[in-house]
Amino acid sequence: MARRAARHRTLLLCAAALAALVALTALGLSSGQASMPAGTALRALVGLGDPGDVLVVQQFRAPRVFAALIAGAALAVSGSLLQRLFRNPLASPDVVGVTGGASFGAVLLLATGASQLLTPLAALGGGLLAALALGAFARRSRVAVGSLVLVGLAVQAGLAAAVNLMIVRFPAELASSALQWTTGSLYGSTWPEVWAGGGAVAAVLTAAFLHSRRLSVLDLGEESAGALGLTPARARLHLLLLTIALASLAAALSGPVGFVALAVPHLVRFLAGPPTPATLALTALTGGVLLLGADLIVLHLLPVHGLPVGAMTATLGAPWLLVLMIRRPAADRSTP
């Protein structure tokens, strides 16, 4: 009975998150200097109505809206999987160094003078390389899974210092572009990026859902997982690669946006209870709602023009991280 009630609650929450997603999408497509009714914006999205409205919606607003939805979902699911894999509520891509690697790859590309159209690919490559470096160090030094977060913080700090050094040495015209990207921005999103990133994220999310039941087995412990026919090391590696791919793809779309991957899994656990495949779907929907909502606040409610969405999420994320640290049991805080 309790399991059925939890499933019913999760389905209701998924429906509410989906409704919020549709409402925010309509708001994002219809709001701006050339505002229009939501119905007009939705018709313009599929090429119907006034040619001017179609141009504004399809070329300027829709790519940004869908990039926010895709990146938010990828970040949230990545954070949820990482927290369960590391058994640490503070684990997230921006803590373990993945987003730092994405920033480093993108800024390094800009430093070489290559086309900025290749920035998403450079971010993806940088995130993957940072994660591989973290994994190689952990394997060589045999660091416990729970302590990988501390190693990731060191990697993240080192990469952030390298990025800042390159930005300082940049010519003025490149420095502003690099700085805006490293704070997390959806400005200038294009349909090729959305289609490529969306397709890749959809494929990785599908794989993550198919592998999510392995996490429940891993939660039972190494010996129990082995007795049930699962190879724990291989399963953890597969899941870790999926989380890294999701975080890197999100960074390629939106830059290194913080807070979403850290906060959404906690919010979903608070609302829906223990993790299940259904709560993972809720996590993806909530991530899209949070990032798109933050971007709309930046665009339409704040008096500062051109503020990157990453600045908004970081402002929310700093107190959230402090709250998590305060609420952790003393035994957890003292664990190396």
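Residues numbered from 1 in each chain as written. Predicted model: local features only at pLDDT ≥ 70, side-chain atom pairs only at ≥ 80, totals over all residues. Heavy atoms only, no water.

Once that is clear, we can look at the pattern of salt bridges. Applying the stated criterion across every chain, the model contains 1 salt bridge. Across the salt bridge formed by aspartate 295 and arginine 64, the nearest N and O atoms sit 2.9 Å from each other. Of this pair, aspartate 295 sits in helix H12 (residues 277-300) while arginine 64 sits in helix H3 (residues 51-86), and the two are 231 residues apart along the sequence. The same class applies to aspartate 295 as to arginine 64, namely buried. (Salt bridge = Lys/Arg side-chain N within 4 Å of Asp/Glu carboxyl O. Helix = DSSP H or I, 4+ residues; strand = E, 2+ residues; numbered from the N terminus. Buried < 20%, exposed > 50% of the residue type's maximum accessible area, 1.4 Å probe, protein only.)

Moving on: the nonpolar core. Val77, Phe86, Val201, Leu218, Leu246, Leu291 and Leu292 are the most contacted members of the largest nonpolar core, which has 72 residues in total. Among the nonpolar cores identified, the runner-up in size contains 8 residues, and Val163, Ile167, Phe170 and Ala178 belong to it. (Core = buried A, V, L, I, M, F, W, Y, C linked by side-chain atoms within 4.5 Å.)

Judged by side-chain polarity, Leu267, Phe270 and Leu271 come together as a nonpolar surface patch covering roughly 320 Å² of accessible area. With respect to the element layout, phenylalanine 270 can be found in helix H11 (residues 260-272). (Patch = residues over 30% accessible without salt bridge, like charges linked within 9 Å, V, L, I, M, F, W, Y side chains within 5 Å. Areas by Shrake-Rupley, 256 points an atom, 1.4 Å probe, with all protein chains shown as cover.)

In this section: the environment of glutamine 156. Tracing the backbone through its elements, the reader meets glutamine 156 in helix H6 (residues 148-169). You can call glutamine 156 buried: its relative accessible area is 16%. Considered as a pair, glutamine 156 and threonine 99 are 57 residues apart in the sequence and their alpha carbons are 7.9 Å apart. Not counting chain neighbours up to four residues away, the residues in contact with glutamine 156 comprise Pro93, Asp94, Val95, Gly97, Val98, Thr99 and Gly100. (Contact = heavy atoms within 4.5 Å.)

At a minimum axis separation of 9 Å, helix H8 (residues 191-218) and helix H10 (residues 232-254) run at an interaxial angle of 155°. When the axes of H8 and H10 are compared, the pair comes out roughly antiparallel. When the axes of H8 and H10 are compared, the crossing they make is left-handed. Grouping the constituent residues of the contact of H8 with H10 by class yields 17 nonpolar, 3 polar and 3 charged. (Axes fitted to C-alpha atoms, helices over the stretch in contact; angles between N-to-C directions. Parallel < 35°, antiparallel > 145°, perpendicular 65-115°, else oblique. Left-handed = near helix turned anticlockwise from the far one by under 90°. Nonpolar A, V, L, I, M, F, W, Y, C, P; charged D, E, K, R; others polar.)

An ideal rise of 1.5 Å per residue puts 18 Å on 13 residues; H11 measures up with 18 Å between its terminal C-alpha atoms. The complete set of buried residues in H11 reads Val260, Ala261, Leu262, Ala263, Val264, Pro265, His266, Val268 and Ala272. One or two residues past the end of H11 sits glycine 273, with phi positive at roughly 90°. (Expected span 1.5 Å × (residues − 1).)

The interhelical angle for the contact between H3 and H10, taken along N-to-C directions, is 150°, at an axis separation of 8 Å. Here H3 lies roughly antiparallel to H10, going by the angle between them. Crossing of H3 over H10 shows left-handed handedness. Counting all contacts with H3, which are made through Ala67, Ile70, Ala71, Ala74, Leu75, Val77, Ser78, Leu81, Leu82, Leu85 and Phe86, the residues of H10 involved are Arg236, Leu239, Leu240, Thr243, Leu246, Ala247, Ala250, Leu253 and Ser254. Of the residues in the contact of H3 with H10, the class split is 16 nonpolar, 3 polar and 1 charged.

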